Amino acid sequence: MKSTILLMLCFVVTLQLSGQQLFVEIGKSTSGFDYKNSSGEPLDNLLSKPNTYMEIGYRDVLNKNKTLFLSLGIIYNGYGAIGSDRILDNYFEWDVTYLGLNTGLDFKLFALRDFSFYLKGRVAVEYLIRGTQTLNNQVFNLVGEDEFNNYIFFARAGLGMQYPISRNTALIASYTYGKTVLIDGNKTLDQESLKLNNHQFGIGLIISLPSCNCTL
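Keep in mind the model is a prediction, meaning the values are calculated, not measured.

(A) Region of interest: a nonpolar patch on the surface. Where nonpolar side chains cluster on the molecular surface, the patch consists of Val-24, Ile-26, Met-54, Ile-56, Tyr-76, Ile-129, Ile-165, Leu-171, Ile-203, Leu-205 and Ile-207 and spans about 900 Å² of accessible area. No other element matches strand β9 (residues 193–208), which puts three residues into the nonpolar patch.

Set out below in structure tokens:
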């Protein structure tokens, strides 16, 4: 796992050397687990749980009009859900943390005075670094479990806003919604599946590098 994190950091540092802009973003992450058992029946009374996410990375202009941007970064995500079963009289909770690589495009929709508005699309691959499941008074470690100890693939879309606060720095705010598949169930034997949906609301800063000829 340490070698994976080191590789991610080296990847972003390499990009920074030839990049245009650096950014950091932090915010609230609200997620839910969409679980179906082997009979294809959903788990009722499963509620979303707020958490935190953080991303650092690089952004570069792709066209002369400066309306299309490539974004690459490292993302730290917390996901969770809570619920209960009245029939079985139990309580359950998931709390997991993933580290991953996030890449995608920003398309500038329009500008209103100093504000710029963007359409955001992202694809991420993330790996579990910490996770627990609580069932009544018992807590289970999810690291190493087949259902969670794998890479997950996220597709996200949303909107972003940018406002310059200095010559080389701008304030950013964004909202994205994403969904992924955590369990690749055996389609021939059962219908078990576990999907994760996620809402992210964040703010941050984007900074132009000294060699950047782009405008904030």
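The rest of the description comes next.
(B) Layout of the pairing of strand β3 (residues 68–85). Summarising the sheet, strand β2 (residues 46–61) and β3 pair through twelve bridges and their orientation is antiparallel. Among the inter-strand pairings, Tyr-53 is bridged to a residue of β3, identified as Asn-77.

(C) A look at the side chain of Thr-97. Relative to the elements of secondary structure, Thr-97 occurs in strand β4 (residues 90–112). Not counting the four nearest positions on each side in its chain, Thr-97 is found in contact with Tyr-76, Asn-77, Gly-78, Tyr-127, Leu-128, Ile-129 and Arg-130.

(D) How the structure looks around the packing of aromatic side chains. Applying the stated rule across the entire model yields seven aromatic pairs. With 4.7 Å between their ring centres and 35° between their planes, Phe-115 and Tyr-163 make a pair best called tilted. Here Phe-115 is found in strand β5 (residues 115–135), whereas its partner Tyr-163 is found in strand β7 (residues 151–164), with 48 residues between them in sequence. Residue class for Phe-115 comes out partly exposed when judged on its relative accessible area of 34%. Lying across the ring of Phe-69, Arg-59 places its NZ or CZ 4.1 Å from the centre. Across from the ring centre of Tyr-118, 5.3 Å away, lies the NZ or CZ of Arg-59, which sits over that ring.

Cut-offs used in this document
- Residues numbered from 1 in each chain as written.
- Predicted model: local features only at pLDDT ≥ 70, side-chain atom pairs only at ≥ 80, totals over all residues.
- Heavy atoms only, no water.
- Patch = residues over 30% accessible without salt bridge, like charges linked within 9 Å, V, L, I, M, F, W, Y side chains within 5 Å.
- Areas by Shrake-Rupley, 256 points an atom, 1.4 Å probe, with all protein chains shown as cover.
- Salt bridge = Lys/Arg side-chain N within 4 Å of Asp/Glu carboxyl O.
- Helix = DSSP H or I, 4+ residues; strand = E, 2+ residues; numbered from the N terminus.
- Pairing = 2+ DSSP bridges.
- Contact = heavy atoms within 4.5 Å.
- Phe/Tyr/Trp six-rings, centres within 6.5 Å; stacked < 30°, edge-to-face > 60°.
- Buried < 20%, exposed > 50% of the residue type's maximum accessible area, 1.4 Å probe, protein only.
- Lys NZ or Arg CZ within 6 Å of the ring centre and 35° of its normal.

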